[in-house]
Amino acid sequence: MDFDLTPEQDQLRDAVRALGRRYGHSYFVAKAKSGEHTTELWEEAGRLGYLGVNIPTEYGGGGGGITELAIVCEELAAAGCPLLLLVVSPAIAATVLARHGTEEQRKRHLPGLADGSRKIVFAITEPDAGSNFHRLGTVARRDGDDWLLTGRKVYISGVDEAQHVLVVARTEDATTGKLKPALFLVPTDAPGLERAKLDMEILSPENQFLLYLDDVRLPADALVGESLDAGLPALFAGLNPERITVAAMGAGTGRYAIERASEYTATRRIWGGRSIGSHQGVAHPLAHAAVQVELARLMIHKAATLYDAGRDLEAGVSGNMAKYAAGEAAALAVDTAVQALGGAGMTTEYGVATLLGAVRAGRIAPVSREMILNFVAQHVLGQDKSY
């Protein structure tokens, strides 16, 4: 068992950390509050090769895996710049296309995903079904050689920044008549696709949308993969990377909050000149949060290692556990940091309360802590399914 990163991974971590710190949390907050996107950071990360670390070299990527992409997600978040679209575009869309797309789809989309010039967002969640793909209401039906998509999607990130949406729909199996999942690449300017921005109480440069698909006509090659049989494995191919990179972003956010609070408590002196960090009532909660973040990081590393080794079932368990642990740890770390800073913790200047909404959402999305506990109870503990 090896807990050390390779020299190349260490170099990647150091380089991404340096990039993130050149921009910093003040840049992130300013973009979010002005309704702008972190375009400069994204484009520079793309030019430097960080967005494509998990994409095969023959398509312009770095040839690494989810371990490398998790490093990118964590270090940018640790610098105060948690970029949600790293999860959506390189982690989900690029992985799905690299593993299950046609050669034409890989050649068309992966180079742009690798250099950051192309973004593909992901649409599975629906107002009524949530992310339960067994009950999705978005349906794709044949019309000659084309497909027609109809349905609704909600909480879809970054549609206004993307060229395509990777839509999860259900199609009818011609042999059985049963509905089965399939993934489609839908241009964001396709006729029949409408979007409505959702007002969210989260400070983020990435926007959330409700999507309406009204007989959106797509050519046959919009279907991801060579046939409908690719739908289910393609869907699952994107879910483990999603869990792992969301967890990495949460762990990085937790590290950022603890670092900010520790700097403050080590230098803030009242009550006789001692630093407030010398008091156990201040130090112990921060130390406890640091332990939880580090434990989450260990599970993230395990999940990413298993995934990159092709051990998908084990990676599914570890990825869910990592997401649960990181979501809890990030929320604890930010809340503890705010408390340690007192009134300063609620100011924009000190840059921790600005993350409260995001870390709270991290306990809900992309899969809630309760559903992860259901998963662990069923698949690890051998309990009957509860839902």
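Residues numbered from 1 in each chain as written. Predicted model: local features only at pLDDT ≥ 70, side-chain atom pairs only at ≥ 80, totals over all residues. Heavy atoms only, no water.

The protein has the name Acyl-CoA dehydrogenase in an unreviewed UniProt entry, where Micromonospora coxensis is given as its organism. What the UniProt record of the protein gives under Sequence similarities (unreviewed entry) is the line "Belongs to the acyl-CoA dehydrogenase family." (UniProt positions renumbered as here; feature names shortened; annotations may be inferred.)

### So, the pattern of salt bridges
Across all of its chains, the model carries 26 salt bridges by this definition. Across the pair Arg-17 and Glu-75 runs a salt bridge, and its minimum N-O distance is 3.3 Å. Residue Arg-17 is found in helix H1 (residues 7-33), and its partner Glu-75 is found in helix H3 (residues 66-78); the two are separated by 58 residues along the sequence. The exposure class of Glu-75 is buried, given its relative accessible area of 1%. With a closest N to O distance of 2.9 Å, Arg-369 and Glu-328 form a salt bridge. Placement of Arg-369 in helix H10 (residues 369-379) and of Glu-328 in helix H8 (residues 312-341) is noted, with a sequence separation of 41 residues between them. (Salt bridge = Lys/Arg side-chain N within 4 Å of Asp/Glu carboxyl O. Helix = DSSP H or I, 4+ residues; strand = E, 2+ residues; numbered from the N terminus. Buried < 20%, exposed > 50% of the residue type's maximum accessible area, 1.4 Å probe, protein only.)

### Details of the layout of surface pockets
Looking at the second largest pocket, its volume works out to about 320 Å³. Around the second largest pocket, the lining is made up of 13 residues, and of these Met-1, Asp-2, His-301, Lys-302 and Thr-305 lie nearest the centre. Sort the elements by how many residues they give to the lining of the second largest pocket and helix H7 (residues 280-308) lands first, with six residues. Here the lining of the second largest pocket is built from residues that sort into four nonpolar, five polar and four charged. (1 Å grid on protein atoms, 1.4 Å probe; cavity = no way out; pocket = protein on both sides within 12 Å on 5 of 7 lines; lining within 4 Å. Points joined across faces, edges and corners; volume = space filled by probe spheres on them. Nonpolar A, V, L, I, M, F, W, Y, C, P; charged D, E, K, R; others polar.)

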